[in-house]
Amino acid sequence: MMLRPRETRELRLYKYTLSISPMATFTWAHDVAGNAVATAVFDGPTDHLLIESRASVELTAPAWPVFAIAASATRYPFVYDSDEWTDLGALTVPQYGDVDGKFARWIDGFVMQRPTDTLSLLKDISDGVFSQISYQSRDDEGTQSPIQTLDRGWGSCRDFAVLLAEAVRRLGFGARIVSGYLSDPEMSLVGSAGSGSTHAWVEIFVPGAGWIAFDPTNRSVGSQNLIPVAVGRDIHHIVPVSGSFSGGPGALSDLAVGVTLRLATRDQAAAMAIE
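Basis of the calculations
Residues numbered from 1 in each chain as written. Predicted model: local features only at pLDDT ≥ 70, side-chain atom pairs only at ≥ 80, totals over all residues. Heavy atoms only, no water. Helix = DSSP H or I, 4+ residues; strand = E, 2+ residues; numbered from the N terminus. Rg over C-alpha atoms; globule rule 2.2 N^0.38 Å. Buried < 20%, exposed > 50% of the residue type's maximum accessible area, 1.4 Å probe, protein only. Contact = heavy atoms within 4.5 Å. Areas by Shrake-Rupley, 256 points an atom, 1.4 Å probe, with all protein chains shown as cover. Phe/Tyr/Trp six-rings, centres within 6.5 Å; stacked < 30°, edge-to-face > 60°. Core = buried A, V, L, I, M, F, W, Y, C linked by side-chain atoms within 4.5 Å. Pairing = 2+ DSSP bridges. pLDDT = per-residue confidence, 0-100. Axes fitted to C-alpha atoms, helices over the stretch in contact; angles between N-to-C directions. Left-handed = near helix turned anticlockwise from the far one by under 90°. Nonpolar A, V, L, I, M, F, W, Y, C, P; charged D, E, K, R; others polar. Expected span 1.5 Å × (residues − 1).

> Looking at this structure, I do not really get the overall build of the protein chain. What am I missing?
Each helix and strand in the protein chain was counted, giving five helices and 15 strands. Taken over C-alpha atoms, the radius of gyration comes to 19 Å for the protein chain, in line with the 19 Å a tight globule of 275 residues would show. Projected onto its principal axes, the C-alpha coordinates of the protein chain cover approximately 60 × 50 × 40 Å. Taking all 275 residues of the protein chain together, the buried fraction comes to 45%. In the protein chain, the share of contacts with a sequence separation of at least 24, taken over all contacts with a separation of at least 6, comes to 66%. Counting only carbon and sulfur atoms, one obtains 52% of the accessible surface of the protein chain, whose full area is about 14600 Å².

Take a look at the structure:
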């Protein structure tokens with residue numbers, strides 16, 4: 001289970017609890033990306049599984065962030081220094097094929113000139129995902145490839161995230177996909193189911209500024225409405241709940257996920273629960 005929010009300079013975690021019914025034995029660990037991973041082992045058979053994750057956090061990300069990009073990276077193309085390149089590693093490597101070059105041509109359409117402003121280029125690609133692909137919520141298992149999303153012209157937030165991450169990697173940027181919660185008290189954002197929902201977006205590494213959040217589903221930059229839980233090279237690395245069970249035919253009869261959000265009255269910390 002990857003359900004515990006990641007603390008950042010803009011997100012402070014005050015309290016966290018994870019409970020499961022039936023009773024289970026818990027172990028906690030951090031994976032290679034620094035995500036908190038809980039593993040549960042059960043003692044016997046059961047007719048239900050209930051997972052409840054509760055977090056109290058303070059989100060201080062500004063609505064209009066200013067990024068202190070290093071002088072060497074303000075114009076694209078630029079080259080990461082040797083240490084950054086080594087550490088970013090596979091996060092700069094495309095994960096999907098592009099046999100006929102269709103995806104590459106789509107990406108090149110955003111590079112109006114070389115050199116060009118780095119942040120403007122990244123915003124243009126993220127905005128292009130938003131404007132050219134229709135959002136559709138999808139409960140089916142799996143994620144579309146970038147080519148599938150372009151061909152179909154629609155996708156869910158995780159499809160948007162994969163498309164954006166793959167696009168910027170092909171331009172040489174380091175990118176990671178993020179899963180977490182969309183905080184939307186006013187219920188005005190795309191992909192929101194009530195005041196909060198599970199969500200996926202992208203973080204792109206730019207020297208000086210560090211990891212910058214881009215949410216192509218909502219055409220936004222920065223973490224104002226985003227509560228990260230897990231980051232990874234590919235979407236299948238950050239599934240919130242995964243595992244296996246054994247049982248007879250029809251053993252799994254129903255599955256439901258819900259997110260509730262409550263704004264604290266005193267310090268505006270957001271209390272979230274998922275079950």
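> Would you take a moment to explain the packing of aromatic side chains for this structure?
Here the distance between the centres and the angle between the planes together describe a pair of aromatic rings. In this structure the tally under the stated criterion is ten aromatic pairs. The interplanar angle of 90 degrees and the centroid separation of 5.3 Å between the aromatic rings of phenylalanine 78 and tyrosine 80 together place this pair among those described as edge-to-face. For the pair formed by phenylalanine 78 and tyrosine 80, the shared burial category is buried. Ring geometry for phenylalanine 78 against phenylalanine 173: centres 5.6 Å apart, planes inclined by 75 degrees, an arrangement best described as edge-to-face. Here phenylalanine 173 lies in the loop between α5 (157-169) and β9 (174-183) and phenylalanine 78 lies in the loop between β5 (75-76) and α1 (82-88), a separation of 95 residues in the sequence. Summarising the burial analysis for this pair, phenylalanine 78 and phenylalanine 173 share the class buried.

> Explain the nonpolar core to me, please; I cannot follow it from the model alone.
Considering soluble globular proteins, one finds that nonpolar side chains tend to be buried as a cluster. Of all hydrophobic cores here, the largest spans 59 residues; its most connected members are Trp106, Leu121, Ile125, Val168, Leu171, Phe173 and Ile204. It is α5 that provides the largest number of residues to this core, a total of nine residues. With residues up to four places along the chain from it excluded, the contact list for leucine 121 reads Tyr76, Phe110, Val111, Thr116, Leu171 and Phe173. Within the second largest apolar cluster, six residues are counted, among which are Val178, Ala213, Leu226 and Val231.

> How should the environment of alanine 24 be read in this particular structure?
By the secondary structure assignment, alanine 24 is in strand β2 (residues 24-30). The sequence separation of alanine 24 and asparagine 35 amounts to eleven residues, and the corresponding C-alpha distance is 21 Å.

> Hey, could you run me through the pairing of β2 in this one?
Sheet faces and side chains relate simply in a regular strand, where the side chains alternate between the two faces. Relative to strand β3 (residues 36-42), β2 runs antiparallel, the two sharing seven bridges. Its bridge partner lying in β3, threonine 25 is registered against valine 41. The hairpin formed by β2 and β3 contains five residues between the paired strands, and glycine 34 there has a positive phi angle of roughly 85 degrees.

> Any chance you could explain the confidence of the model for the protein chain here in plain terms?
One rule of thumb: low pLDDT means the predicted coordinates there are not for detailed reading. Summary statistics for the protein chain give a mean pLDDT of 91 and a share of 93% for residues scoring 70 or more. Contacts of residues 267-275 to residues separated by more than four positions or lying in other chains number 46 contacts, the stretch itself having pLDDT below 50.

> What should I look at first to understand the packing of helix α3 (residues 118-132) against α5 in this one?
A pair of packed helices is captured by two measures, namely the crossing angle of their axes and the spacing between those axes. Look at α3 against α5: their axes get within 10 Å of each other, and the N-to-C directions meet at 145 degrees. Of the two possible hands of crossing, α3 and α5 adopt the one that is right-handed. Two secondary-structure elements touch here, α3 through Leu122, Ile125, Ser126, Val129 and Phe130 and α5 through Phe160, Leu163, Leu164, Ala167 and Val168. Residues belonging to the contact of α3 with α5 are distributed by class as follows: nine nonpolar, one polar and no charged.

> Help me understand α3, please; the structure alone is not making it clear to me.
Within an α-helix, residues lying three or four positions from one another point in the same direction, as the helix has 3.6 residues per turn. Counted at 1.5 Å a residue, the expected span for α3 with its 15 residues is 21 Å, and the 21 Å between its end C-alpha atoms agrees. Inspection of α3 places Thr118, Leu119, Leu121, Leu122, Ile125, Ser126, Gly128 and Val129 among the buried residues, and these make up the whole buried set.

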